[in-house]
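# Reading the structure
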There are 2 protein chains.
Amino acid sequence: MQNFDPSQPDGFNQTMDSSVSADGLPIIAERYTVPARSGVAVYLATGQTLTITNPTGWQVCDFWAFNAAELHEYMSMSHVHTDLLSVFPKVGDSLVSNLRNPLLTLTQDSSPGVHDTTIAACDANRYKQLGVPHYHENCADNLRQALLVIGQKAPLVPAPFNLWMNVPVAPDGSLAWAAPVSKPGEAITFKAEMPVYAVMSACPQDVTPVNGDEGQPSALEFVVHEG
Amino acid sequence: MQNFDPSQPDGFNQTMDSSVSADGLPIIAERYTVPARSGVAVYLATGQTLTITNPTGWQVCDFWAFNAAELHEYMSMSHVHTDLLSVFPKVGDSLVSNLRNPLLTLTQDSSPGVHDTTIAACDANRYKQLGVPHYHENCADNLRQALLVIGQKAPLVPAPFNLWMNVPVAPDGSLAWAAPVSKPGEAITFKAEMPVYAVMSACPQDVTPVNGDEGQPSALEFVVHEG
């Protein structure tokens, strides 16, 4: 445990072969895939938009954003809660950093808007606890690899914005795992408020029903446009 | 912003003079004070208990714990949510780290048990946004200073466990600032499940009603016992 490096994955997968380019710069209007169980990081200049599509409707996307000039500044769910006074961001809302600067604005959402901000990214230890005897792909490692492959390092694994993840919050504070309510082809769009690396992980969770009752992880798609 | 160091405070206060000792080791059964608007870090060996008392009843304590051997492992609210399937930890619950290891167990709570796990620590930027024209003491800087003064560095400012902070969560996900419901002298106790640095900040928030409608930050008290 001494000299633990948060940027290093516990294991590797096809994320290392799935980058959009060597430095994360995308081709504008090109349609990209986040392969099932994998992660991809993409650079967004100020004003550019990122649209993430859920082809199956049931696939959760663990989503992060980092200030491209200083990755110690990152989208922070606890700061988002404080800023919005809500655990459910909606169209028009800013998504702020740990320094309370807007990184992204949620500009469009064709899904019912059910996304989670309370739950941690799955990681190697999570699957051990769930009884998986071997290494299991996980969103934390997908984030780390997606950044490594474009020459960046995650200084930590922040709490993600879990797109299409359905975690109802009861008045007594209890949470539940529920299947996504989104439909095939629904999409969500973010506008960059500063240069950022946005990172998407097609959540490989197939033990709990996070990705629908069938538990079959699938791919996501995304496209970057000029604002 | 380049080479931002999360361990360095934006300003200093009496936290730099409030440590229990040079290395954070407490005298067992000694009653210590966290002065109003300040922070204190204390080392807990496995099995030792930390009891934090709220003399006024209205004072919020921003609370963190770090693996004493590796501060990149820290109590993580998003992992606590996943582990407990709740945003409100209760007596008997483990408080896990970002590596999903139990750091502390919440063993006793004489207050009504209303604590928050969704809101970020206040910081210099928060008070700027609230219109305070000068530097304002804040929980993020109290954490950083409390660790610096015992020779440790915060690798980040994790989302805190906000003891006695009353942030109701509505079914639509909206949050509210409400006054603490605790009474003078109520206390909460944690048992260390591994050697940790526990850090308490007597929240200096006097702009929003987090510390009661009077908004008068007050001191906290704590004591460490052998288990």
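Refer to the structure presented above.
Reference entry: report on the structure contained in this document.

About the cut-offs
- Residues numbered from 1 in each chain as written.
- Chains lettered and ligands numbered in written order.
- Predicted model: local features only at pLDDT ≥ 70, side-chain atom pairs only at ≥ 80, totals over all residues.
- Heavy atoms only, no water.
- Contact = heavy atoms within 4.5 Å.
- Buried area = accessible area lost by both parts, 1.4 Å probe.
- Salt bridge = Lys/Arg side-chain N within 4 Å of Asp/Glu carboxyl O.
- Polar contact = N/O pair within 3.5 Å; in protein donor to acceptor, adjacent residues only side chain to side chain.
- Helix = DSSP H or I, 4+ residues; strand = E, 2+ residues; numbered from the N terminus.
- Least-squares fit on C-alpha atoms with pLDDT ≥ 70 in both.
- Pairing = 2+ DSSP bridges.
- Axes fitted to C-alpha atoms, helices over the stretch in contact; angles between N-to-C directions.
- Core = buried A, V, L, I, M, F, W, Y, C linked by side-chain atoms within 4.5 Å.
- Buried < 20%, exposed > 50% of the residue type's maximum accessible area, 1.4 Å probe, protein only.

### Regarding the interface of chain A and chain B
- At the junction of the two partners, chain A supplies 43 residues and chain B supplies 43 residues.
- Together chain A and chain B conceal approximately 3,700 Å² of surface at their shared face, both sides included; 57% is due to carbon and sulfur atoms.
- The interface formed by chain A and chain B holds two salt bridges in total.
- Asp123 of chain A is the partner of Arg100 of chain B in a salt bridge, and the nearest nitrogen-oxygen pair spans 2.7 Å.
- Seen at the junction of chain A and chain B, the total is 22 residue pairs in polar contact (both at pLDDT 80 or more).
- The set of elements that each furnish at least two residues to the side of chain A that touches chain B consists of α1 (77-84) and α2 (124-129) of chain A.

### Topic: the relation of the copies chain A and chain B
- When chain A is fitted onto chain B, the two copies agree to an RMSD of 0.0 Å after a turn of 180° and an axial shift of 0.0 Å. In short, the pair behaves as if placed about a two-fold rotation axis. Within chain A, the C-alpha atom positioned nearest to the axis of rotation is that of Pro171 of chain A, 2.9 Å from it.
- A share of 100% of the interface residues of chain A reappears at the interface of chain B, consistent with the copies meeting face to face through the same patch.

### Points about the sheet that holds strand β5 (residues 94-96) of chain A
Residue and element names in this part refer to chain A.
- Across the sheet, which stays open at both edges, the six strands sit in the order β1-β10-β3-β8-β6-β5 with antiparallel pairing between neighbours. Single-partner strands in this sheet number two, and they are β1 (32-34) and β5. When strand polarity is set aside, the average angle formed by the axes of neighbouring strands in this sheet is 30°.
- Judged from the three bridges that link them, β1 and strand β10 (residues 220-225) form a sheet pairing that is antiparallel. Following the sheet pairing, Thr33 is matched in β10 by Glu221.

### So, the nonpolar core
- One finds Leu147 of chain A together with Leu147 of chain B to be the most contacted residues of the largest nonpolar core, which totals 62 residues.
- Counting only elements with at least two residues in this core, the list comes to β4 (61-67), α3 (139-148) and β9 (196-202) of chain A together with β4 (61-67), α3 (139-148) and β9 (196-202) of chain B.
- Apart from residues no more than four positions distant in its own chain, Leu147 of chain A is found in contact with Ala41, Phe66, Leu71, Gln152, Lys153, Ala154, Tyr197 and Val199 of chain A.

### Thoughts on the sheet that holds strand β7 (residues 161-163) of chain B
All names here are of chain B.
- A sheet is described by the order of its strands in space; here four strands give the open sequence β2-β9-β4-β7, paired in antiparallel fashion. For this open sheet the edge positions go to β2 (39-44) and β7, each flanked by a neighbour on one side alone. Direction aside, the axes of adjacent strands within the sheet are offset by 25° on average.
- As judged from the seven bridges shared by β4 and β9, these two strands associate in the antiparallel manner. Counterpart to Phe66 in the pairing with β9 is Tyr197.
- The sheet contacts of α3 involve β2, β4 and β9, and relative to β9 the element is tilted by about 140°.

### Looking at the side chain of Ser18 of chain B
All names here are of chain B.
- Relative to the helices and strands, Ser18 resides in the segment before β1 (32-34).
- The class for Ser18 is buried, based on a relative accessible area of 15%.
- In this structure the side chain of Ser18 is engaged in a polar contact, spanning 2.7 Å, whose partner is the backbone oxygen of Gln14.
- Not counting the four nearest positions on each side in its chain, Ser18 is found in contact with Pro35, Gly39 and Val40.

### A few points about the pattern of salt bridges
- A full pass over the atoms with the stated rule returns 14 salt bridges over all chains.
- Between Glu137 of chain B and Arg37 of chain B there is a salt bridge whose closest N-O contact spans 3.6 Å. Of this pair, Glu137 of chain B sits in the loop between α2 (124-129) and α3 while Arg37 of chain B sits in the loop between β1 and β2, and the two are 100 residues apart along the sequence.
- On the basis of relative accessible area, Arg37 of chain B is assigned to the partly exposed category, the value being 23%.
- Between Glu193 of chain B and Lys191 of chain B there is a salt bridge, and its shortest N-O distance comes to 3.3 Å.
- Since its relative accessible area comes to 30%, Lys191 of chain B is described here as partly exposed.
- In the salt-bridge network here, residues are joined through shared partners; they are Asp10, Asp141 and Arg144 of chain A.

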